[in-house]
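Chain by chain, the residues run as shown.
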Amino acid sequence: MPLVYVLGIVAILLYACSCFRTLVGQRSNVLRSLPGPPVTRWFGNHLQHVLDPFVSRKAHEIFVQLYGRTMRIRGLGPWDERLLTLDPVSFSHIVKNTVIYQKPWQSRRLITSLIGCGMLSAEGQVHQRQRRVALPAFAAQNMRSLVDISFRKGIQLRDAWMNLIRSETKSTCARIDVCQFVSRTTLDVMGLAGFDYNFNSIEDETNEVFIAYRDMFEVAVSQSPRFRSLLLMYLPTINRLFPDKTVRTVQQSREVIHRVAGRLIQEKKRKISEGEKSGPYEGADLLTLLLKSNAATDIPPEQRLSDEDILSNINTFMFAGSDTSSLSVTWTLFLLAQNPKIQDRLRTELLSVAHEFPADLSHLTEDQIQTLHTTLCALPFLHNVTRESLRLIPPVHSSLRVATQDNEVPTMYPIYERDGTVNERRRSFIVPKGTVVHLPFEAFNLDKCVWGEDAWDFNPDRWNNLPEIVQQCPWHFSNILTFSAGPRACPGLRFSLIEMKTLYYILLTNFVFKETEDKVVPHNVVLTRPYLSGKFEEGTQCPLLVSRFSAT
Ligand code: HEM
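Rules behind the numbers
Residues numbered from 1 in each chain as written. Predicted model: local features only at pLDDT ≥ 70, side-chain atom pairs only at ≥ 80, totals over all residues. Heavy atoms only, no water. Helix = DSSP H or I, 4+ residues; strand = E, 2+ residues; numbered from the N terminus. Rg over C-alpha atoms; globule rule 2.2 N^0.38 Å. Contact = heavy atoms within 4.5 Å. Lys, Arg positive; Asp, Glu negative; His and termini not counted. Charge placed at Lys NZ, Arg CZ, Asp CG, Glu CD. Donors = N, O, S within 2.8 Å, 3.2 Å for Na, K, Ca; no water. Pairing = 2+ DSSP bridges. Axes fitted to C-alpha atoms, helices over the stretch in contact; angles between N-to-C directions. Near = heavy atom within 4 Å. Polar contact = N/O pair within 3.5 Å; in protein donor to acceptor, adjacent residues only side chain to side chain. Buried < 20%, exposed > 50% of the residue type's maximum accessible area, 1.4 Å probe, protein only. Core = buried A, V, L, I, M, F, W, Y, C linked by side-chain atoms within 4.5 Å. Domains from an automatic or database assignment. Expected span 1.5 Å × (residues − 1). Parallel < 35°, antiparallel > 145°, perpendicular 65-115°, else oblique. Left-handed = near helix turned anticlockwise from the far one by under 90°. Nonpolar A, V, L, I, M, F, W, Y, C, P; charged D, E, K, R; others polar. UniProt positions renumbered as here; feature names shortened; annotations may be inferred. Salt bridge = Lys/Arg side-chain N within 4 Å of Asp/Glu carboxyl O.

**Description of the overall build of the protein chain**
Part 1: Secondary structure assignment for the protein chain yields 21 helices and 14 strands.
Part 2: Radius of gyration (C-alpha) of the protein chain: 24 Å, near the 24 Å computed for a compact globule of 552 residues.
Part 3: Based on the C-alpha atoms only, the size of the protein chain along its principal axes is roughly 70 × 55 × 50 Å.
Part 4: A sequence separation of at least 24 residues applies to 73% of the contacts in the protein chain between residues at least 6 apart.
Part 5: Each charge sign in the protein chain was given a centre, from 62 positive and 56 negative side chains, and these centres are 5 Å apart.

This is the structure we're talking about:
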């Protein structure tokens with residue numbers, strides 16, 4: 001019998017043992033005292049209800065009506081009872097207590113195997129150290145060069161779309177997969193802003209580092225055969241012993257990134273140390289800022305990051321920062337195409353400042369670009385559209401944590417008993433060690449009890465008059481959970497807002513967006529991505545009809 005099958009059987013036995021142990025443990029699991037939706041089959045679960053954006057908003061609404069805001073749902077099988085909380089006090093407690101509530105080892109292992117152990121997957125002191133070194137790089141004063149980079153890449157994207165429209169012989173508009181182009185744009189921005197490297201992928205997709213990142217990220221979101229994935233989770237050495245095509249792709253990608261980024265790290269270090277003698281090196285990419293922050297005198301030597309850690313974090317920024325931003329921009333363009341009046345209003349606001357700058361955007365100086373960006377930041381409707389889109393379709397749909405010890409969790413709302421009665425006095429419950437906690441970012445953003453009956457509508461004006469209860473949710477950004485909350489909230493918030501608003505300005509003042517006849521639907525494949533209804537196998541896409549905007 002081939003060795004791989006023997007290993008497979010061993011892994012399955014190990015897995016079965018661990019399931020059995022957990023199953024026996026479940027009998028006394030105090031989480032069982034919480035109410036929750038039933039399962040109709042022994043191996044049934046609620047994963048689709050809570051993960052699939054096509055059904056999750058309705059599912060969460062029904063769950064809350066029936067079981068309150070603190071409930072038990074089933075994960076992979078009967079041994080996997082999870083906590084689902086829509087209670088803001090419980091949520092806040094869980095995301096704040098990062099020592100107790102950590103990311104599951106399964107997702108950390110997968111992320112680490114692809115991009116190294118950066119901020120997304122590190123835990124404990126390693127994570128704290130990385131965050132301490134990285135956060136200064138995201139400070140407002142360090143974002144100046146990002147404004148310039150986003151603007152110039154936006155112009156390149158504009159030119160690419162103009163060419164596509166011009167090449168149409170029978171129509172004045174082109175059917176463009178905006179998702180694909182915007183994704184290349186944000187990857188380009190991350191390359192330049194992240195480590196001063198131009199993929200130039202808007203114009204040409206042949207750069208080896210671009211291909212390496214693209215292939216690696218495709219592996220992260222591809223659904224590899226279930227048997228092998230399960231096996232790998234418990235026996236990762238199988239990849240070394242029996243590499244398949246995916247493993248070889250990841251290896252090749254990692255080699256390219258190591259070679260090029262490793263060289264860039266050494267070059268930057270040299271420039272920084274030369275600058276100590278001949279005047280400071282002014283590089284403003286995240287890599288330079290990370291290296292400078294790492295060398296700062298207030299960081300004790302034992303707290304400093306190794307070159308490997310630095311590279312893992314640059315990879316992490318590429319991974320966490322490019323697709324999220326591109327999907328936000330894509331969903332906004334889609335929502336604007338669905339809502340032409342809102343699109344017109346936004347364009348009118350953007351055009352009202354356009355006359356202050358040269359008509360040909362390609363000729364703006366760096367100072368003019370900075371002034372333009374400051375002007376954009378003060379535009380109220382642009383801000384409303386940006387955050388309304390982020391609220392309605394958060395790219396990170398939800399996240400998971402695991403309790404590393406028994407813990408008492410406070411609640412704001414009373415907890416339901418399993419028989420459906422409400423215990424008004426009970427305002428806390430115990431989460432047993434090992435419990436998986438589902439953090440539903442999207443469900444909080446779309447909660448009708450908080451945001452009102454129109455919570456599922458795209459209504460940027462809501463931000464002019466928020467219900468009081470919304471204002472009591474001071475999450476990381478604008479009372480929404482799109483960027484999470486607590487010590488592990490997204491450090492790239494400011495970065496992505498700059499990128500998004502710059503792109504909206506350039507795209508909306510140059511183009512008009514309309515829906516095509518195809519139905520675009522959201523699916524959660526690591527992030528909430530657009531697909532054509534019934535054509536999932538064609539991959540992520542968001543085709544829109546794009547025509548030139550002309551003021552006359
Ligand atoms: C619209 C754009 C973005 C959205 C919606 C977003 C959302 C999020 C969310 C929800 C998390 C928490 C994930 C979890 O707890 O499981 C997160 C973490 C993170 N994000 Fe973002 N992000 C965006 C852009 C960026 C950018 C541009 C960067 C970097 C340049 C970035 C870097 C990170 C990193 C490093 C983490 C891990 C933080 C930690 O665990 O300490 N993100 N992001």
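**Notes on the coordination of the iron atom of the ligand**
Part 1: You will see that the iron atom of the ligand has only one donor from the protein, Cys 490 (SG), lying 2.3 Å away.
Part 2: Mapped onto the elements of the fold, Cys 490 is located in the loop between helix H20 (468–471) and helix H21 (493–508).

**Considering the sheet that holds strand E14 (residues 543–548)**
Part 1: Judged by pairing direction, the sheet is antiparallel, and its 3 strands sit side by side in the order E4-E14-E11 without closing on themselves. The strands lining the two open edges of the sheet, one partner per strand, are strand E4 (173–177) and strand E11 (511–515). Between one strand axis and the next, the sheet turns through 35° on average, direction left out of account.
Part 2: Where E11 meets E14, 5 bridges bridge the pair, whose relative direction is antiparallel. Across the sheet, Phe 511 pairs through a bridge with Arg 548, a residue of E14.

**Quick word on the site of the ligand**
Part 1: Near the ligand lie 28 residues; those nearest to it are His 127, Arg 131, Ser 399, Arg 401 and Cys 490.
Part 2: In the model, an oxygen atom of the ligand is placed 2.7 Å from a nitrogen or oxygen of the Arg 131 side chain.
Part 3: Mapped onto the shell around the ligand, the elements with two or more residues apiece are helix H6 (124–134), helix H14 (307–338), strand E5 (399–403) and H21.
Part 4: Top element by residues in the shell around the ligand is H14. It accounts for 7 residues.

**A few points about H6**
Part 1: Taken together, the buried positions of H6 are His 127, Arg 129, Gln 130, Arg 131, Val 133 and Ala 134.
Part 2: Where H6 is buried, its residues contact helix H13 (286–295) and H14.

**Describing the nonpolar core**
Part 1: Trp 161, Leu 333 and Phe 513 are the most contacted members of the largest nonpolar core, which has 120 residues in total.
Part 2: When residues of this core are assigned to domains, at least three fall in each of domain 1 (3–115 + 399–439) and domain 2 (134–395 + 485–548).
Part 3: Beyond its immediate sequence surroundings of up to four residues, Trp 161 is in contact with Ile 176, Val 178, Phe 181, Val 182, Leu 333, Leu 507, Phe 511, Phe 513 and Val 546.
Part 4: Core analysis: the second largest hydrophobic core is formed by 21 residues, Tyr 101, Val 409, Phe 429 and Phe 441 among them.

**Observations concerning H14**
Part 1: With 32 residues, H14 extends 46 Å between its outermost C-alpha atoms, agreeing within 8% with the 46 Å of an ideal straight helix rising 1.5 Å per residue.
Part 2: A large share of H14 lies buried, amounting to 27 of its 32 residues.

**Comments concerning the environment of Arg 41**
Part 1: Structurally, Arg 41 can be placed in the loop between helix H1 (3–27) and helix H2 (47–51).
Part 2: Taking the relative accessible area as the measure of exposure, Arg 41 reaches 57% and is therefore exposed.
Part 3: Sequence-wise, Arg 41 and Gly 77 are 36 residues apart; in three dimensions their C-alpha atoms are separated by 10.0 Å.

**With respect to the packing of helix H7 (residues 144–166) against helix H8 (residues 178–195)**
Part 1: Where H7 contacts H8, the two axes come as close as 10 Å, and the packing angle between them is 150°. The orientation of H7 with respect to H8, classified from their angle, is roughly antiparallel. Here H7 and H8 pass one another in a crossing that is right-handed. Of the residues in H8, those in contact with Leu 146, Ile 149, Ser 150, Lys 153, Leu 157, Ala 160, Trp 161 and Leu 164 of H7 are Val 178, Phe 181, Val 182, Thr 185, Asp 188, Val 189, Leu 192 and Ala 193.
Part 2: Within the contact of H7 with H8, the residues separate by chemical class into 12 nonpolar, 2 polar and 2 charged.

**Focus on the UniProt feature "binding site: heme" (unreviewed entry) in the protein chain**
Part 1: As recorded in UniProt, the feature "binding site: heme" (unreviewed entry) lies at Cys 490.
Part 2: Owing to a relative accessible area of 28%, Cys 490 belongs among the partly exposed residues under this scheme.
Part 3: Dropping the residues within four chain positions of it, Cys 490 is found in contact with His 476 and Phe 483.

**Points about the pairing of strand E10 (residues 436–439)**
Part 1: By the alternation rule, side chains of E10 split into Val 436 and His 438 and Val 437 and Leu 439, which are all buried.
Part 2: Bridge count between strand E2 (residues 81–85) and E10: 3 bridges; the pairing is parallel. When the bridges of E10 are listed, Arg 82 appears paired with Val 436.
Part 3: Note that E5 and E10 share 4 bridges and pair antiparallel. Along E10, the bridge assignment pairs Arg 401 with Val 437.

**Brief notes about the pairing of strand E12 (residues 520–525)**
As a general feature of sheets, a regular strand has side chains that alternate between the two faces.
Part 1: Judged from the 6 bridges that link them, E12 and strand E13 (residues 527–532) form a sheet pairing that is antiparallel. Along E13, the bridge assignment pairs His 523 with Arg 529.

**Some words on the pattern of salt bridges**
Part 1: Evaluated as defined, the whole model comprises 28 salt bridges.
Part 2: A salt bridge links Lys 58 to Glu 61, with the shortest nitrogen-to-oxygen separation between them at 3.1 Å. In this pair, Lys 58 and Glu 61 are both assigned in helix H3 (residues 56–67), 3 residues apart and thus about one turn of the helix distant.
Part 3: According to the relative accessible area criterion, Lys 58 is partly exposed, its value standing at 44%.

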